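As a plain string of letters, each chain reads:
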Amino acid sequence: LNIFMPESSLRQLQLLQILPRHPSKISTLEIQGQLNDLGYSVSLRMIQRDLESLESVMPIVCDDRERPFGWSWHQSAFGLQPSMDPIEALTFSLAEQYLEPLMPSKSFKRIKVFFDRANSILRKIKRNEISRWRERVRVEHQWQRLEAPKINDQVEAEIYDALLKGRQLSVLYTNRAEKRAKQRIINPLGLVLRGQIHYLICSMDEDKDNPRFLPLHRFTKAEWNGNPSYEPKGFSVDKYIKENNLGYLYSNKPIYLEAKFDISAGFHLTESSLSKDQEITALEDERLLVKAKVSDTAQLRWWLLGFAGQVEVIKPNFLREEMIQNIKSMNKRYK
């Protein structure tokens, strides 16, 4: 039994890889050049016969409105993986860094072939403007970058699978202040990535209607207990995030912040505001008075403290007092 494909079949498969997706197109002469580079010595007539043969069984099309005629995959082609054009390769390459932390590692490995192929295409077209874009554009974290905590691969896979299929889980979870994990029955409801931390939104079986969010890395075991997951009536991941604010909400009531910033510290707020109703006034002492309605969160406090002496909180009074106490505490520490 001959298990090897004939050269003609291999050549046609390679030809299909060369074809771009419509509206891009490639001429038979250009195809011949690329096939020659790959070691296939073929005539234009042979390429034409291959294309006409493949056109009868594959979603490939010929644009014969003007010479030279151009061949491409049909715009809606799917199934057999059409060749990536540079724009598609750039899209996959940029998406890789965002998808990896969101997907189970097992699933990500299955689609990594697409990312590898995209990066390979961009490397081959170094002189192309698209490749230059990928080399020159970066996304950086605004705050201090932290290393991601280790998540048990098997636990991660079980939790993702339970979210997908609506399954209840029996888990071992270690609370923040404890050293030993405890057995819990949970109902997975959603997943949120915040910085480097994955949070599972879920409810405990003894308190089904009050979801909470738990860091995924604190789970040491997870398995389906054979029961479907319970979902509170009207539950929505977006609604839960808004109401519970993973920025550590202090109060459900927003606060009306008034703060004076040194110009160098507050200038960025003239371009990227704290809220839609933000107001900024230039003061005579070369500071900026900023007024805005904001959420009452721990994140807000960390942000304000990060400016140190370049910001002064005026209102609300309780927040100003908190800043004063923090400054006193810091002064005591550093003495």
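Refer to the structure presented above.
Remember, predicted model here, so these are calculated numbers, not experimental data.

A. Spatial organisation of the overall build of the chain. Within the chain, the secondary structure is distributed over 11 helices and 11 strands. Of the contacts made within the chain by residues no fewer than 6 positions apart, 58% connect residues no fewer than 24 positions apart. In the form shown here, the chain has an accessible surface area of approximately 22,400 Å², with 51% of it arising from carbon and sulfur atoms.

B. The arrangement of the packing of helix α1 (residues 7–18) against helix α3 (residues 44–55) in detail. Two elements in contact, α1 and α3, have axes whose closest approach is 11 Å; the angle formed by their N-to-C orientations is 80°. Our classification of the angle between α1 and α3 gives roughly perpendicular. Contact residues: Arg11, Gln12, Leu15 and Leu16 in α1; Met46, Ile47, Asp50, Leu51 and Leu54 in α3. When grouped by side-chain class, the residues that make up the contact of α1 with α3 number six nonpolar, one polar and two charged.

C. Focus on helix α4 (residues 86–99). Its 14 residues give α4 an end-to-end C-alpha distance of 20 Å, which sits within 8% of 20 Å, the value for a rise of 1.5 Å per residue. Ala89, Leu90, Ser93 and Glu96 are the residues of α4 that are buried. End-on, the buried residues of α4 take up no more than an arc of 115°, which puts them together on one face.

D. Spotlight on the pairing of strand β2 (residues 70–73). A two-sided burial pattern is seen for β2, the buried positions comprising Gly70 and Ser72 on one face and Trp71 and Trp73 on the other. Counted between consecutive antiparallel strands, the loop separating strand β1 (residues 60–63) from β2 contains six residues.

E. Structural detail: a nonpolar patch on the surface. A contiguous nonpolar surface patch, about 350 Å² in accessible area, is contributed by Leu305, Met330 and Tyr334. Leucine 305 gets classed as partly exposed once you look at its relative accessible area, which sits at 30%.

F. How the structure looks around unusual backbone geometry. Backbone torsion omega between arginine 67 and proline 68 reads -5°, so that peptide bond is classified as cis. By secondary structure assignment, the location of proline 68 is in the loop between β1 and β2. Along the chain, lysine 315 connects to proline 316 via a cis peptide bond; the corresponding omega equals 0°. Structurally, proline 316 is set in the loop between β11 (311–315) and α11 (317–334). Even without glycine at this site, alanine 308 takes up a positive phi of about 50°. By the element assignment, alanine 308 lies in the loop between α10 (298–305) and β11. Looking at alanine 308, the relative accessible area reads 56%, which means it is exposed.

G. Representation of the side chain of aspartate 296 in the model. Looking at where aspartate 296 falls in the secondary structure, it is placed in strand β10 (residues 287–297). Looking at aspartate 296, its side chain comes within polar contact range of the side chain of arginine 301, at 2.8 Å.

H. Quick look at the environment of tyrosine 40. In this structure, tyrosine 40 sits in the loop between α2 (28–37) and α3. Once residues lying within four places of it in the same chain are set aside, the contact partners of tyrosine 40 are Glu7, Leu10, Arg11, Gln14 and Leu35.

I. Up close: the packing of aromatic side chains. Counted under the stated rule, the structure contains seven aromatic pairs. Relative to phenylalanine 213, the ring of tyrosine 199 has its centre 5.4 Å away and its plane inclined at 80°; by these criteria the two rings are edge-to-face. Taken as a pair, tyrosine 199 in strand β5 (residues 197–204) and phenylalanine 213 in strand β6 (residues 207–215) lie far apart in primary sequence, 14 residues in all. In this structure tyrosine 199 comes out as buried when scored by relative accessible area, which is 8%. Residue classification places phenylalanine 213 among the partly exposed residues on the basis of a relative accessible area of 22%. Between tryptophan 303 and phenylalanine 307, the ring centres sit 5.1 Å apart and the planes meet at 90°, which makes this aromatic pair edge-to-face. The same class applies to tryptophan 303 and to phenylalanine 307, which are both buried. One aromatic cluster is present, built from ring pairs that chain together Phe261, Trp303 and Phe307. Seen from the ring of tryptophan 224, arginine 167 lies directly overhead, with NZ or CZ sitting 3.9 Å from the centre. The lysine or arginine in question, lysine 208, covers the ring of tyrosine 230, its NZ or CZ lying 5.4 Å from the ring centre.

Reading the values: rules and limits
- Residues numbered from 1 in each chain as written.
- Predicted model: local features only at pLDDT ≥ 70, side-chain atom pairs only at ≥ 80, totals over all residues.
- Heavy atoms only, no water.
- Helix = DSSP H or I, 4+ residues; strand = E, 2+ residues; numbered from the N terminus.
- Contact = heavy atoms within 4.5 Å.
- Areas by Shrake-Rupley, 256 points an atom, 1.4 Å probe, with all protein chains shown as cover.
- Axes fitted to C-alpha atoms, helices over the stretch in contact; angles between N-to-C directions.
- Parallel < 35°, antiparallel > 145°, perpendicular 65-115°, else oblique.
- Nonpolar A, V, L, I, M, F, W, Y, C, P; charged D, E, K, R; others polar.
- Expected span 1.5 Å × (residues − 1).
- Buried < 20%, exposed > 50% of the residue type's maximum accessible area, 1.4 Å probe, protein only.
- Arc of directions from axis to C-beta.
- Pairing = 2+ DSSP bridges.
- Patch = residues over 30% accessible without salt bridge, like charges linked within 9 Å, V, L, I, M, F, W, Y side chains within 5 Å.
- Salt bridge = Lys/Arg side-chain N within 4 Å of Asp/Glu carboxyl O.
- Polar contact = N/O pair within 3.5 Å; in protein donor to acceptor, adjacent residues only side chain to side chain.
- Phe/Tyr/Trp six-rings, centres within 6.5 Å; stacked < 30°, edge-to-face > 60°.
- Lys NZ or Arg CZ within 6 Å of the ring centre and 35° of its normal.

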